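Here is what each chain is made of, one letter per residue.
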Amino acid sequence: ILQAALNSRYASSRLKSLASEYVEGGVDFSRLHFSLFRRFPSVSVEIKDFSIGLSRPDTLASFSSLRASLNPFSLIRGRINVPRVELKGFSGDLCAYPSGVYTDNWSIFHFPSDSLDSQSDTLFSLPQFRIGRVSLDSISLSYTGLSDTLSYNLSSLSLTSRRNGR
């Protein structure tokens, strides 16, 4: 099962298939690659040239490269340990349109109506989550509204977490 899940072609087609169920428009990427040896004992994943959005030119988000590693042994203890995340060339663009002209570009997500449990106030609970090092390079965020445009650009940022006393 692990071998099939880490097969890049299988994972690519499965990810695109899942995305088509929940996203109106498109999810596209040029490369999805897994490695068991690059950051052993962690499993590494790399996604290149990712984009999500409608067919119009107002793509919701895109990035040129995302590399991340996940320690699979932490999952046994019910934790998610991500030692490293590197994101390059991210662009996030929110666009609001006048009512009736277009749909706002962030209104592309569809969730099944039975995904919400009407008997519970809690949708779900997340396991303990830890990210070790985050590197961001060439990040651009923008919001275009009816009368204003806001934008933020970040050339480079690196963050490292440390556990208390360990």
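From a predicted model like this one, the values you see are computed outputs, not experimental measurements. (Residues numbered from 1 in each chain as written. Predicted model: local features only at pLDDT ≥ 70, side-chain atom pairs only at ≥ 80, totals over all residues. Heavy atoms only, no water.)

Points about the pattern of salt bridges
Tallying each qualifying case throughout the model produces five salt bridges. Here Glu 46 ties to Arg 31 by a salt bridge, and the two come within 3.5 Å at their closest N and O atoms. Of the two residues, Glu 46 is situated in strand S3 (residues 43-53) and Arg 31 in strand S2 (residues 31-35); the sequence distance between them amounts to 15 residues. When its relative accessible area of 8% is taken as the criterion, Glu 46 is described as buried. In this structure, a network of salt bridges that share partners links the residues Arg 31, Glu 46, Lys 48 and Arg 67. (Salt bridge = Lys/Arg side-chain N within 4 Å of Asp/Glu carboxyl O. Helix = DSSP H or I, 4+ residues; strand = E, 2+ residues; numbered from the N terminus. Buried < 20%, exposed > 50% of the residue type's maximum accessible area, 1.4 Å probe, protein only.)

Here we look at the layout of surface pockets
Gaps left between atoms are located by rolling a probe of water-molecule size over the structure's atoms. By volume, the largest pocket amounts to about 320 Å³. Forming the walls of the largest pocket are 12 residues, and the residues nearest its centre are Leu 15, Leu 32, Val 45, Ile 47 and Leu 66. Elements supplying a minimum of two residues to the lining of the largest pocket: helix H2 (8-22), S2, S3 and strand S4 (59-70). The greatest single-element share of the lining of the largest pocket, amounting to three residues, is contributed by S3. (1 Å grid on protein atoms, 1.4 Å probe; cavity = no way out; pocket = protein on both sides within 12 Å on 5 of 7 lines; lining within 4 Å. Points joined across faces, edges and corners; volume = space filled by probe spheres on them.)

Description of the nonpolar core
Core analysis: the biggest nonpolar cluster contains 16 residues, and Val 27, Ile 47, Phe 50 and Ile 52 have the highest contact counts within it. Counting only elements with at least two residues in this core, the list comes to H2, S3 and S4. If we skip the residues at most four places from it in the chain, Ile 47 touches Phe 29, Arg 31, Leu 32, Phe 63, Ser 64, Ser 65 and Leu 66. (Core = buried A, V, L, I, M, F, W, Y, C linked by side-chain atoms within 4.5 Å. Contact = heavy atoms within 4.5 Å.)

Some remarks on the packing of aromatic side chains
The geometry of an aromatic ring pair is captured by the separation of the ring centres together with the interplanar angle, meaning the angle of the planes. Inspection of every chain in the model, using the stated rule, returns one aromatic pair. Between Phe 50 and Phe 63, the ring centres sit 4.9 Å apart and the planes meet at 10°, which makes this aromatic pair stacked. You can see Phe 50 sitting in strand S3 and its partner Phe 63 sitting in strand S4, a full 13 residues away along the chain. For Phe 50, a relative accessible area of 16% puts it in the buried group. The ring centre of Phe 29 lies 4.7 Å from the NZ or CZ of Lys 16, which sits over that ring. (Phe/Tyr/Trp six-rings, centres within 6.5 Å; stacked < 30°, edge-to-face > 60°. Lys NZ or Arg CZ within 6 Å of the ring centre and 35° of its normal.)

Regarding H2
The terminal C-alpha atoms of H2, which comprises 15 residues, lie 21 Å apart, in line with the 21 Å expected from a rise of 1.5 Å per residue. Listed as buried for H2 are Ala 11, Ser 12 and Ala 19. Along the axis of H2, the buried residues cluster in a sector spanning 100°; they form a single face. Of the exposed residues in H2, the ones pointing more than 90 degrees away from its buried face are Arg 9 and Ser 20. (Expected span 1.5 Å × (residues − 1). Arc of directions from axis to C-beta.)

Shape descriptors only; they carry no functional weight alone.
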